[in-house]
Amino acid sequence: MNKPVKISSNVVIDYTICKYIKPEYIYIPLENKNGIMYKHLVKEGDYVYKGQVVAINEDINFPIHSSVSGYATIGSNKIMANGKKIKCIVIENDFKEKYEKSKLIVKEKYSKEEFVNALRENGITGLGGSDFPTFLKYNIDKPKYLIINAVECEPFISCDKAVIHNYSDCILEAIDMIMEIMNIPKAIIGVKKSNLDSVRSFEKYIGTYPKIRIGFVKDAYPNGWERNLVNDLLGVSYDKYPTEKGIIVSNVSTIYAIYEMFKYNRPLTERVITITGPGIKNKRNVRVKIGAMVSEIINNLDGYNKLKNPIFIAGGPMMGNSLPIDDVIITKDLNAVLVIEDNFEKNLPCIRCGKCIEVCPAGIYPVFIMNSCSDIHKLNDLYPNKCIECGLCSFICPSKIEVREFVRMAKAKVNDK
Amino acid sequence: MKKFKVRKGNFMKSKNSTSSMMYNLLVCLIPFIIFATYKNGIYPVINGYGNLYLVFKPLLYVMIASFVCIVTEYLYYLVIKKEKKSINYLFSESFAIIPGVFIGLIIPINTPIWLIILGSAIASLSKLLMGGFGKNTLNPALVGSLFIIVIFSSLTGGYMNPLEADTISGATPLSNMTASSYVITYDNLVRPYGSLLSFFFGNIPGAIGETSSLLCLLSFIYLLLNKVIKWRIPVSYVSTVIIISLIMCLTKDIGLWFILFNVLSGGLLFGAVFMATDPVTSPISHFGQVIAGILLGILTMVIRYLTSFPEGVLISILIVNIITIAINYFSIKLFNKNYIKLIILVVSVLAVILSSFVISSRVSNKELDDTYKIISKTKEGNVTTYQVSGRGYAGNNSIKLEIVFSGNNITKIEVISSSDTYMNMIYNNNYLEKIVSNQDDLDNLDTISGCTYTSKYLKEIVEKTKEDYLK
């Protein structure tokens, strides 16, 4: 495996979480970033309670909930974090936060089946950015390890760190409960070596839980990638999903969402996102309603700094997408919004230095893929679909070529065929 | 709602850039230019050989070569492509200066300036005709300097500065070895140049700036720390050379100094660190880099010992530049096929071992058998005329002499034929007459500096003929 690369940002942000949970409108896109369609269940003009299922993925029976109460309309197209314009359900917030009555019963004990079912019913997905329904992960027999991904390796993003800083006790409690329900013998929290704040927060309470330990990974990118994390902590490599080897990997924010599900029996309607970058006046981790507009939140955080050539990124600087407007829906997988100076540099010809091969965590040859983009036979030999789009090849390239975009193209070509 | 510009790609870039890589290389070359100035200029001038012009010669060569490269590139774009390129483009985007600096360092010190201009222009053109910076298959500096060396090889003594030409006999260590028919003895190969330490510091005849192994090692470390070069190539290159020489040492009972001799001579380290690792013309994948290094090692040793070219580094790098196309192609084909890679690695290691046995059959660790031969002997009264042949600088039987005795004395020596390139110096020094006049005391007759071997061999032939005559 190749050596990960150390990348650091010098933007300092404090870990207290401020709240902005009173958006005027909520937008619920009917397609997620992986292209999975949702069927809407509400009609125009219906009154929607908070926590009510408004749309559903019929294949796996996975719901999306409204995060406010109010009257629904359907049809407005809004931009999502991946840059696509998607048809949305729009709910006008009446600020009453009305729940359906049946939702208010808190369960004391879960069996494994009930737990998996609760994860599904409460719409909990991976908050690290995959938007992968969590209940699918937990639906395995005899798990051996629970790994909590608290690495958050992309520069600038700090929402997981903020969650750890504020709720480390809740997270540990939730881990312990999950272990008991699922009968998992061991849990490891993967933390960056340099991330002293998170380590300290966990160490305050971890003494109570003998089965949970902290595992350290190197301070490098992309060590938060599931495959790297599992390999670093356990020395195990797997084929497609870690569940093959009886390992469940969950993001720490997801664990906190599970904690809230345990405590209040309510669906996932809020998350913490990082709003930062030199272009933002007040750089904060904000707790927001899922479905709110980023522009509304930024306006509430004193707005923008003046930059020469600002660029608006949904996600981190390595894997995020640049978007044309700041009217972006906050979905469950959006963990950060960045406004930075565009550092675009004129690119030079490829000098075949091979640095992209050296850094590629997936172990593929980005430069060869780039040069044989037109030749589908060559591409088949090079496995571009192993690419995780971490962007390290574009980062390291001395000629400033956007290598990843070529690999993406190749990936699409190979997948199409 | 606020609007933003959209761009594809990632939004963080590392600090390393192509220009910093290239200028790191140039920074590494500055000590070489300084050393070349010392070795080829200051040192001989202090010792009274040559004038002040000599001091600035290395720097001048580098500057001329780089200037010509830049001008050639500018004119190429202006005349052929009809584009006017800015100076900034030539320096920071196409790096026109790099081949020039390298050419200035890897050519012989006595190269005429018109040849440098021609060679640099050819180097630059070779790069441009293959598509410009980043697309060239062959290292432009190598093309240019090999052009110069091939033309210039007819003029002897080209590698030496005036001081060396006057004090050290023969030529560069490797051409000395070729000339002495691969007799591998410490006295033969290393002693004429002092010790292996002078090989290490670079005080030996060779191209202007490539002789110092110490500077090469230091630059290797610098470039490695700055992540500029593909380190696998020099490492596998040098280790292959070490393994081949080790096997030669073991099979032919040669001292282990021979390994260092092979590594430190012929500009091998300079070639390995600077020329073989040129990012554009060397293999991209790690496996390809290792294979290229092994190939380079084998080729260099084969060229040194099995062909008539004494120096093998530059030619083998150029050959591997061409093979790189194939290496890159197979790197794609062999992606993820580790067992085939392993087989290829084993085969190439076997090739290393096999080639080292073949090469070691060429060398010996003893002085050559006497090749002295009497071709004819005619007696007419008091006068006896011998026609003899013997070992010369250019090899066995490369000198044919006619020696005339009358009474007990030699009266005349005449060279019938000789392929020795140093024979002119013999004539110029009237050395044959000197032998005749000092015939009773040949041991104390000094050899001519600058052609020690030729004069030594001449003396040997004459002495042997005399012994035969007196019998």
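Residues numbered from 1 in each chain as written. Chains lettered and ligands numbered in written order. Predicted model: local features only at pLDDT ≥ 70, side-chain atom pairs only at ≥ 80, totals over all residues. Heavy atoms only, no water.

Engineer: Honestly, the overall build of chain B in this entry has me stumped. Any pointers?
Structural biologist: Helix and strand content of chain B: 20 helices and four strands. Across its three principal axes, chain B shows a C-alpha extent of roughly 120 × 55 × 40 Å. Out of the 471 residues belonging to chain B, those deemed buried represent 56%. Accessible surface computed for chain B: about 20000 Å², of which carbon and sulfur atoms make up 64%. Side-chain charges of chain B comprise 38 positive and 26 negative groups, with the mean position of each set lying 24 Å from the other. (Helix = DSSP H or I, 4+ residues; strand = E, 2+ residues; numbered from the N terminus. Buried < 20%, exposed > 50% of the residue type's maximum accessible area, 1.4 Å probe, protein only. Areas by Shrake-Rupley, 256 points an atom, 1.4 Å probe, with all protein chains shown as cover. Lys, Arg positive; Asp, Glu negative; His and termini not counted. Charge placed at Lys NZ, Arg CZ, Asp CG, Glu CD.)

Engineer: How should the pairing of strand β6 (residues 62–65) of chain A be read in this particular structure?
Structural biologist: Regular strands show a simple pattern: their side chains alternate between the two faces of the sheet. All names here are of chain A. Burial along β6 is two-sided: Phe62 and Ile64 and Pro63 and His65, pointing in opposite directions, are all buried. Pairing of strand β5 (residues 53–57) with β6 involves four bridges; the strand directions are antiparallel. Looking across to β6, one finds that alanine 55 is bridged to isoleucine 64. Once β5 ends, the chain turns through four residues before running back antiparallel as β6, passing asparagine 61 with a positive phi of about 60°. (Pairing = 2+ DSSP bridges.)

Engineer: Is there a simple way to think about the pairing of strand β15 (residues 310–314) of chain A in this case?
Structural biologist: Residue and element names in this part refer to chain A. With four of five residues buried, β15 lies mostly within the body of the structure. Direction of pairing for β15 relative to strand β16 (residues 321–322): antiparallel, over a ladder of two bridges. Paired with alanine 314 across the strands is asparagine 321, a residue of β16. If you look at the hairpin formed by β15 and β16, you'll find six residues sitting between the two strands, and glycine 315 has a positive phi there, around 110°.

Engineer: Honestly, a nonpolar patch on the surface in this entry has me stumped. Any pointers?
Structural biologist: Together, Phe67, Val71, Leu75, Leu78, Val79 and Ile80 of chain B line one region of the surface with nonpolar side chains, adding up to about 540 Å² of accessible area. When you line up the elements, phenylalanine 67 of chain B lands in helix α2 (residues 53–80). (Patch = residues over 30% accessible without salt bridge, like charges linked within 9 Å, V, L, I, M, F, W, Y side chains within 5 Å. Salt bridge = Lys/Arg side-chain N within 4 Å of Asp/Glu carboxyl O.)

Engineer: What is the right way to look at the domain arrangement of chain A in this model?
Structural biologist: The figure often quoted for interface size is the accessible area lost as the parts come together. For chain A, the domain assignment lists domain 1 (104–264) and domain 2 (355–416). Each of domain 1 of chain A and domain 2 of chain A was reduced to a C-alpha centroid, and the two centroids are 31 Å apart. (Domains from an automatic or database assignment.)

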